[in-house]
Amino acid sequence: MAIDYSKGQMAQSQKYSSFQLSVQPKKVMLIFPPDWYPSEPYLSLPTLSAFLRNAGHYVIQKDVNLEMYDWFFSGEGLNLILARAPSKYTHFRITKLTEKAESAKAIVRSQEFYNVDKLEWAMSVFREVTEAISLAYAPARICMPPMETDLTYKLFMSSEILEAVEDTQVNVYREVFNHILKPAIEIENPDVIGISIVLVQQLFSSMTFCAMIKEQFPGIHITIGGNTVTRLRDVLPQTTSLFSLFDTVVMYEGETAFLQLVDAIGTDRDFSSIPNLIYKDSTGIRTSTSTSAEDMSALPPPDFDGLPLEKYFVPDRILPYLSTRGCYWGKCKFCDHGEGYTAGYRAKKIDQIIEEIRHLRDKYQVAHFHFPDESYPPALFKKLTRMLIEADLQIAWSTHLRFEESLLDEKVWEDAEKSGCKFLHMGFESGSERVLKLMGKSTTTDVIQRSLKASSRHGVWNHVMGFFGFPGETCEDARYSMQFLENNKEHVHSIGFGTFDLSKYSPVLKNAERFGVTYNKNTEWDLALDYYFTVKEGLGIEDAERVLGEFERNHYKGWDLRVYIREYVFLYVAHYGTNKLPFLQLRV
């Protein structure tokens, strides 16, 4: 396998219902920081909450990202923020903008959402409001969607993140802390705060929160974790100035490690015995030598209690649920997702999956689910669809899937349709057989084409993802991809394309010579998670960007959507019961 899962061992957890607390219960606040689109809860907080609560600790979940956007689009938030803006924002203009913002929030949270004209208007209002907020924090750009937010500092340099933390002009997250997080900390007075960092973009807000908590609440233990933190595990011990903003780091899977940390805080237990931990002692910053991974069957279902589910920017609640960890395939040469785990692919039993989906459906009165597994395994996919039908759960769901020959049977897609499968993220990557082999995809364009037709015929919206510039790919290969998608546009409903990034833990980087890649590590860019590179043959970085630009200018215009948030398209397909939604296409 391309992924190295030899880094640890399975945690020896008891079944979750039999946990016994052997230490003084603690109050833990879990934080999901900006920036992320506020359409559904991110799964890390509910997963950890369930584990800690079953162990007897008290947990407060704070989706600060959600609360920030709710505050941005409110009279309280806009009046305070725009008081910093140029004088053109008079009381009258702020009042009118507030009215529009509140109306836009009401649309995305009501059945008016399904009127695409109204939804498009609401999205334009969100952009208008964030543009106004940007004036108050210029030259920063606060954006909706949030992935484009830019504080003008470099995320891949710890020195610049530290500068951004103290920059009161551009750092909007200081205001977010004062008006959202600080009051909650004062009320709850937690013993421990854990921050889940899943995207590099969240480092600005997370480090700002850490610094301000340290300054104003020095007695609270702060730990950070999440996918991005795990990928930075080799450099964080060297970034002593950054590390001074928090106390510990949890790498890899967090349940067992974080529970043991919470239990140990305030005792004389040696942190070196806690797995998956980076910590400070009298001699410096240390990394524990033991690691652990979770037994999926021993984990409780996620616990969303305490999250304001009614405030997410959707009319119908969507809950995430994970059946597996790791990737059953694990051979794609461009992918380093396996770095988040220390053990191989694992899955819950199908009976447990169905039971837990039913539990979440009934407890939270929800009929829409997102299964964010790395890639849903074919055998489990087939079991899931059959069991959802037999259990008559009446849900709509979305997940991520590889193109597999074992999924070509018509019965598979008949079951998928009946079970409520509405939206699939499909890892297409390339339409060139040669490039697919270089990537380790082990599929063919024939299988891809037949799969797209089969799922499309049964009402699934196929969102196809790919990229240009894999080492060795030529212009001719790239044109194969473009032509393949054009030829199959009837069954490709939307696309997500980019260019190849050389990730620091990817098999390509680990075998750079074999792939004809030469890369450069800039020592000042200490937090970089991908590197600049050149290739011996094929498309280089700049070439790939030009090809992508050509593709974006000339591709099938039906893929340009008026509504592009993936959860929104999923809800539209579920609501209208079809993947034929021409009114979602951008009007020229």
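Above this text is the structure in question.
Described in the following lines is the structure provided in the data block. These numbers were taken from a predicted model, which means no experiment stands behind them. (Residues numbered from 1 in each chain as written. Predicted model: local features only at pLDDT ≥ 70, side-chain atom pairs only at ≥ 80, totals over all residues. Heavy atoms only, no water.)

Listed as buried for helix α14 (residues 410-419) are V412, W413, D415, A416 and S419. Buried residues along α14 cover an arc of 155° about the axis, so they all sit on one side. Those residues of α14 hidden inside the fold are in contact with α13 (378-391), β14 (396-401), β15 (421-429) and α16 (445-457). The N-terminus of α14 is capped by D409, whose side-chain oxygen sits 2.8 Å from the backbone nitrogen of K411. Within two residues after α14, G420 carries a phi angle of roughly 105°, on the positive side. (Buried < 20%, exposed > 50% of the residue type's maximum accessible area, 1.4 Å probe, protein only. Helix = DSSP H or I, 4+ residues; strand = E, 2+ residues; numbered from the N terminus. Arc of directions from axis to C-beta. Contact = heavy atoms within 4.5 Å. Polar contact = N/O pair within 3.5 Å; in protein donor to acceptor, adjacent residues only side chain to side chain.)

Moving on, we get to the sheet that holds strand β13 (residues 368-371). Pairing within the open sheet is parallel, and its 6 strands lie in the order β10-β13-β14-β15-β16-β17. Where the open sheet ends on each side, the last strands, each with one partner, are β10 (318-320) and β17 (494-499). Across the sheet, the mean angle from the axis of one strand to that of its neighbour is 15°, orientation sign disregarded. As paired strands, β15 and strand β16 (residues 461-468) are joined by 6 bridges and run parallel to one another. Paired with M426 across the strands is V464, a residue of β16. (Pairing = 2+ DSSP bridges. Axes fitted to C-alpha atoms, helices over the stretch in contact; angles between N-to-C directions.)

With that settled, consider unusual backbone geometry. Negative phi is the rule for most residues except glycine; trans is the rule for most peptide bonds. Of the consecutive residues P34 and D35, the connecting peptide bond is found in the cis state with omega at 10°. Tracing the chain through its elements places D35 in the loop between β2 (27-32) and α1 (44-54). In the segment running from A138 into P139, the intervening peptide bond is cis, with an omega of 10°. Positionally, P139 belongs in the loop between α5 (116-136) and α6 (158-166). The phi angle at N276 is positive, at roughly 60°, despite the residue not being glycine.

Turning our eyes to something else, we now look at helix α2 (residues 64-72). Counting buried positions over the 9 residues of α2 gives 8, a clear majority of the element. Residues of α2 that are buried include every one of V64, N65, L66, M68, Y69, D70, W71 and F72, and no others.

The next thing to look at is the pattern of salt bridges. Counted by the stated rule, this structure contains 35 salt bridges. The partner of E253 in a salt bridge is R325, and the shortest N-O contact between them spans 2.7 Å. With E253 in the loop between β6 (248-250) and α11 (255-264) and R325 in strand β11 (residues 324-325), this residue pair connects regions lying 72 residues apart in the sequence. Across this residue pair, the class does not change: E253 and R325 are buried. Put simply, D362 and R361 hold a salt bridge, and the shortest N to O gap is 2.8 Å. Connected via shared salt-bridge partners are D70, E102, K105, R109 and K311. (Salt bridge = Lys/Arg side-chain N within 4 Å of Asp/Glu carboxyl O.)

So, about the packing of aromatic side chains. Going through the model one piece at a time under the given rule, you end up with 41 aromatic pairs. With a centroid separation of 5.8 Å and 35° between ring planes, the pair formed by Y572 and Y576 is classed as tilted. Separated by 4 residues within a single helix, Y572 and Y576 lie in helix α20 (residues 566-576), roughly one turn from each other. Chaining the aromatic ring pairs together yields one cluster made of Y37, F113, Y114, Y568, Y572, Y576 and F583. Taking NZ or CZ as reference, R233 lies 4.6 Å from the ring centre of Y505, over its face. The ring of W329 carries the charged tip of K331 above its face, separated from the ring centre by 4.7 Å. (Phe/Tyr/Trp six-rings, centres within 6.5 Å; stacked < 30°, edge-to-face > 60°. Lys NZ or Arg CZ within 6 Å of the ring centre and 35° of its normal.)

Here the focus is the side chain of S158. In this fold, S158 is placed in helix α6. Polar side-chain contacts of S158 include one of 2.5 Å to the side chain of D526. Beyond its immediate stretch of four places on either side in the chain, S158 contacts T239, L242, D526 and L527.

Okay, the sheet that holds strand β4 (residues 192-196) next. With respect to topology, 7 strands assemble into an open sheet ordered β3-β2-β4-β5-β6-β7-β8, the strand pairing being mixed. Strands with a single pairing partner mark the edges of an open sheet, and in this sheet they are β3 (58-63) and β8 (284-287). Within this sheet the neighbouring strands show an average axis-to-axis angle of 20°, counted without direction. Direction of pairing for strand β7 (residues 277-281) relative to β8: antiparallel, over a ladder of 4 bridges. In the strand pairing of β8, D281 is matched with G284. Seen against the sheet, α1 touches β2, β3 and β4 and runs at an angle of roughly 175° to β3. Along the sheet, α11 makes contact with β2, β4, β5 (221-225), β6 and β7, crossing β6 at roughly 150°.

Between α1 and α11, the least distance of the axes is 10 Å, while the angle of their chain directions is 50°. By the angle between their axes, α1 is oblique relative to α11. Classified by chirality, the crossing of α11 by α1 is right-handed. Touching T47, L48, F51 and L52 of α1 are E255, T256, F258, L259 and V262, all from α11. Of the residues contributing to the contact of α1 with α11, the split by class is 6 nonpolar, 2 polar and 1 charged. (Parallel < 35°, antiparallel > 145°, perpendicular 65-115°, else oblique. Left-handed = near helix turned anticlockwise from the far one by under 90°. Nonpolar A, V, L, I, M, F, W, Y, C, P; charged D, E, K, R; others polar.)

The next subject is the nonpolar core. F72, M207, F369, L384 and Y568 are the most contacted members of the largest nonpolar core, which has 158 residues in total. Residue contributions to this core peak at 10 residues, all from α5. Contact partners of Y568, with chain neighbours within four places excluded, come to Y37, S39, V108, F113, L119, M123, F313, V314 and V563. Formed by 27 residues, the second largest nonpolar core is a distinct cluster that contains L45, A55, V198 and F258. (Core = buried A, V, L, I, M, F, W, Y, C linked by side-chain atoms within 4.5 Å.)

To continue, consider the pairing of β16. The buried fraction of β16 amounts to 7 of the 8 residues, a majority that puts the element mostly inside the structure. Relative to β17, β16 runs parallel, the two being bridged by 6 bridges. Residue pairing in the sheet places G466 in a bridge with F497 of β17. Handedness of the crossover is the feature at issue here: the chain leaves β16, passes through helix α17 (residues 475-487), returns alongside β17, and the resulting connection is right-handed. (Right-handed = clockwise from strand over helix to strand, strands pointing away.)

A few words on the pairing of β7. As paired strands, β6 and β7 are joined by 2 bridges and run antiparallel to one another. If you follow V249 over to β7, its bridge partner there is I278.

By themselves these figures say nothing about function.
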